[in-house]
Amino acid sequence: HIKKGAIYGFIGRNGAGKTTTLKSVMGLVKTPQGKILLDDVDLSHLSRKSHRELCGKKLGFIPQNPMTAFDSRLKIGFQIRETFTNRLQMSSNEAMALAREKLAAVNLKDTERVLGAYPSELSGGMLQRVAAAILLGMSPDYILADEPTAALDEENRDLLLQIMQKQMEGKGILFVSHDVAALKTLCQNVYVLG
């Protein structure tokens, strides 16, 4: 159970199924049995299109490997703008203004360079922060964060934890991590997957 306004930790050994669980909730992996309920809607019975409609609006995801979250052929600015215009029904100018604001919020202050870059031109830590910036802009009800601090240096790790505490307040967050200090800082409860 993930309640809005609470951050829950999820920890376990490698290969225990943490990422697979998150991917099941996001509809990226089919669950052969059991139920996944989102506000009383069983996600396992939704069509792929219906499930996709929830992504970004109700459900947000910070992937463990941010390189796989972006299309390598398209510039970051284009990808963020398309996400915001399509999902939030805003104009291109509004989308870019929101993109700049949220990139600055995650300590990507050279926003024009980031927006004009291809994913391969940014580090893993920068891409992880871009994913967090998109999530901040989308403001979904529930956030699944899969090792979101793994590629970050200490300063940006602390910043992301602060963002999750303050700017994502009121959201239901499942924070998957091996970072015990981060789990202690953020989470009210921690589930251990054996």
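Rules and cut-offs
- Residues numbered from 1 in each chain as written.
- Predicted model: local features only at pLDDT ≥ 70, side-chain atom pairs only at ≥ 80, totals over all residues.
- Heavy atoms only, no water.
- Core = buried A, V, L, I, M, F, W, Y, C linked by side-chain atoms within 4.5 Å.
- Buried < 20%, exposed > 50% of the residue type's maximum accessible area, 1.4 Å probe, protein only.
- Helix = DSSP H or I, 4+ residues; strand = E, 2+ residues; numbered from the N terminus.
- Contact = heavy atoms within 4.5 Å.
- Pairing = 2+ DSSP bridges.
- Axes fitted to C-alpha atoms, helices over the stretch in contact; angles between N-to-C directions.
- Lys, Arg positive; Asp, Glu negative; His and termini not counted.
- Salt bridge = Lys/Arg side-chain N within 4 Å of Asp/Glu carboxyl O.
- Polar contact = N/O pair within 3.5 Å; in protein donor to acceptor, adjacent residues only side chain to side chain.

Bringing the nonpolar core into the picture now. If you look at the biggest cluster of nonpolar residues, it comprises 43 residues, and the most contacted ones within it are I80, V130 and F175. Among the elements that take part in this core, helix 6 (residues 124-138) stands out by supplying ten residues, more than any other. The contact partners of V130, leaving out residues within four places of it in the chain, are F70, I76, I80, L103, L108, V114 and L122. In this structure, Y8, L38, L43 and L144 belong to the second largest nonpolar core, which totals 17 residues.

This paragraph deals with the sheet that holds strand 1 (residues 7-12). As summarised here, the arrangement of the five strands in space is 4-5-6-1-7, forming an open sheet in which the pairing is parallel. Looking at which strands have only one partner, the edges of the open sheet turn out to be strand 4 (59-62) and strand 7 (189-193). This sheet shows a mean twist of 20° between the axes of neighbouring strands, independent of strand direction. Relative to strand 6 (residues 172-176), strand 5 (residues 142-146) runs parallel, the two being bridged by five bridges. From the neighbouring strand, Y142 faces strand 6, where its bridge partner is G172. Lying on the sheet, helix 6 is in contact with strand 4 and strand 5; it crosses strand 4 at an angle near 170°.

The next subject is the side chain of D146. By the element assignment, D146 lies in strand 5. Nearest to the buried, unbridged D146 among oppositely charged side chains is K23, at 6.7 Å. One polar contact links D146 to T19, side chain to side chain, over a distance of 2.8 Å. For D146, the contacting residues outside a window of four places in its chain are T19, L22, F61, I62, P63, Q64, Q128 and V176.

Despite not being glycine, N107 has its phi angle at roughly 70°, a positive value. The residue E147 is not glycine, and still its phi comes out positive at about 50°. Along the chain, E147 falls in the loop between strand 5 and helix 7 (154-166). Since its relative accessible area comes to 9%, E147 is described here as buried.

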